[in-house]
Amino acid sequence: MTSTTPSKSEVKRRLVHVSGALLPLGYVLGVLTWAQLGVVMVGLSVLVGILELLRLRVGLDWAIYDELTRSYEQTNLAGYALYIFSMTAVALVFEPYVAVPGMLMLAVGDPVSGLLGRTREAGEPKRMTTLGAMFLVCLLVSVPFLLPVAGPVGVGAAVAGAVGATVADGVKPVVRGYVVDDNASIPPAACLCIAAVLWVTGAAAVV
């Protein structure tokens, strides 16, 4: 069974993961406009893209990579880069009340799921209790944004988004031998599910 005590590196990764919530919260708290947040996200995407190019092609080997990346990321795009890219994508495509929940589901829900999932056997899929916790956290971070703009339909959209994020967290599809990391899949899956409900019902604009 996987150890229930996370390593120092694992704790650091989770703290960095949660710190990403500051990006959408900057908009929520009025520190940034939505347009400004988009510019910040694009800038971060360019920065991490350059860093990953240097790491993978040039051999940049900073000590921080040993702390914040896993062994299987040594020859692939690291999770932190996929995290920024996916957040940037939803921020540029969707309305704030669609994108912010998707961003928070990744920043807050995924670390909770990850820590709870450490109790499973090696190779075992995430347990229903872990996925249930992921769903609950995702629902809680999305309802406050969707209820005001779409009423009861907004709650349904939040449920759909939470389901999408939970499925993305629990299922890791393999495309041409490459495992699709949930850092890349959670925000778009969540936002597409939210947008689908809002679009079908006509309750609110989605892009």
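Scoring rules and cut-offs
Residues numbered from 1 in each chain as written. Predicted model: local features only at pLDDT ≥ 70, side-chain atom pairs only at ≥ 80, totals over all residues. Heavy atoms only, no water. Phe/Tyr/Trp six-rings, centres within 6.5 Å; stacked < 30°, edge-to-face > 60°. Buried < 20%, exposed > 50% of the residue type's maximum accessible area, 1.4 Å probe, protein only. Salt bridge = Lys/Arg side-chain N within 4 Å of Asp/Glu carboxyl O. Helix = DSSP H or I, 4+ residues; strand = E, 2+ residues; numbered from the N terminus. Axes fitted to C-alpha atoms, helices over the stretch in contact; angles between N-to-C directions. Parallel < 35°, antiparallel > 145°, perpendicular 65-115°, else oblique. Left-handed = near helix turned anticlockwise from the far one by under 90°. Contact = heavy atoms within 4.5 Å. Nonpolar A, V, L, I, M, F, W, Y, C, P; charged D, E, K, R; others polar. pLDDT = per-residue confidence, 0-100. Disulfide = S-S within 2.5 Å. Core = buried A, V, L, I, M, F, W, Y, C linked by side-chain atoms within 4.5 Å.

### With respect to the packing of aromatic side chains
Line of reasoning, step 1. Within the structure shown, the criterion is met by one aromatic pair.
Line of reasoning, step 2. Here the aromatic rings of Tyr27 and Trp34 are separated by 4.9 Å at their centres, their planes lie at 70°, and the arrangement is edge-to-face.
Line of reasoning, step 3. For Tyr27, a relative accessible area of 27% corresponds to the partly exposed category.

### What about the pattern of salt bridges?
Line of reasoning, step 1. By the definition in use, this model includes one salt bridge.
Line of reasoning, step 2. Residue Glu52 is joined to Arg55 by a salt bridge in which the shortest nitrogen-to-oxygen separation is 2.7 Å. Of the two residues, Glu52 and Arg55 both sit in helix 3 (residues 34-58), three residues apart, roughly one turn of that helix.
Line of reasoning, step 3. A relative accessible area of 9% places Arg55 in the buried class.

### Here we look at the packing of helix 5 (residues 79-93) against helix 8 (residues 182-201)
Line of reasoning, step 1. Two elements in contact, helix 5 and helix 8, have axes whose closest approach is 7 Å; the angle formed by their N-to-C orientations is 20°. Considering the angle they form, helix 5 stands roughly parallel to helix 8. Where helix 5 crosses over helix 8, the two elements pack in a sense that is right-handed. Seen from helix 5, the contacting residues are Gly79, Leu82, Tyr83, Ser86 and Val90; seen from helix 8, they are Asn183, Ala184, Pro187, Pro188 and Cys191.
Line of reasoning, step 2. Class assignment for the residues of the contact of helix 5 with helix 8 results in seven nonpolar, three polar and no charged.

### Details of the confidence of the model for the protein chain
Line of reasoning, step 1. The share of residues in the protein chain with pLDDT of 70 or more is 84%, and the mean pLDDT across the chain is 87.
Line of reasoning, step 2. Note that residues 119-123 has pLDDT below 50 and, in this model, 13 contacts with residues that lie over four places away or in other chains.

### What about the packing of helix 6 (residues 96-116) against helix 8?
Line of reasoning, step 1. Remark: helix 6 packs on helix 8, axes separated minimally by 8 Å, with the N-to-C direction vectors making an angle of 145°. Classified by chirality, the crossing of helix 8 by helix 6 is right-handed. Residues Tyr97, Val98, Ala99, Pro101, Gly102, Met105, Leu106 and Asp110 of helix 6 form the contact with helix 8, whose own contacting residues are Asp182, Asn183, Ile186, Pro187, Ala190, Cys191, Ile194, Ala195 and Leu198.
Line of reasoning, step 2. By residue class, the composition of the contact of helix 6 with helix 8 is 13 nonpolar, two polar and two charged.

### Points about the state of the cysteines
Line of reasoning, step 1. Tallying each qualifying case throughout the model produces zero disulfides.
Line of reasoning, step 2. Residue Cys191 stays outside any disulfide, its sulfur separated by 9.4 Å from that of Cys193, the closest cysteine.
Line of reasoning, step 3. According to the relative accessible area criterion, Cys191 is buried, its value standing at 0%.

### A short note on the nonpolar core
Line of reasoning, step 1. Judged by nonpolar contacts, the single largest core of 42 residues is most densely connected at Met87, Met105 and Leu198.
Line of reasoning, step 2. Looking at this core, the elements with two or more residues in it are helix 3, helix 5, helix 6, helix 7 (128-170) and helix 8.
Line of reasoning, step 3. Tallying contributions element by element places helix 7 first for this core, with twelve residues.
Line of reasoning, step 4. Ignoring any residue separated from it by four or fewer positions in sequence, one finds Met105 in contact with Asp110, Met134, Cys138, Val141, Ser142, Gly161, Ala162, Ala165, Ile186, Ala190 and Ile194.

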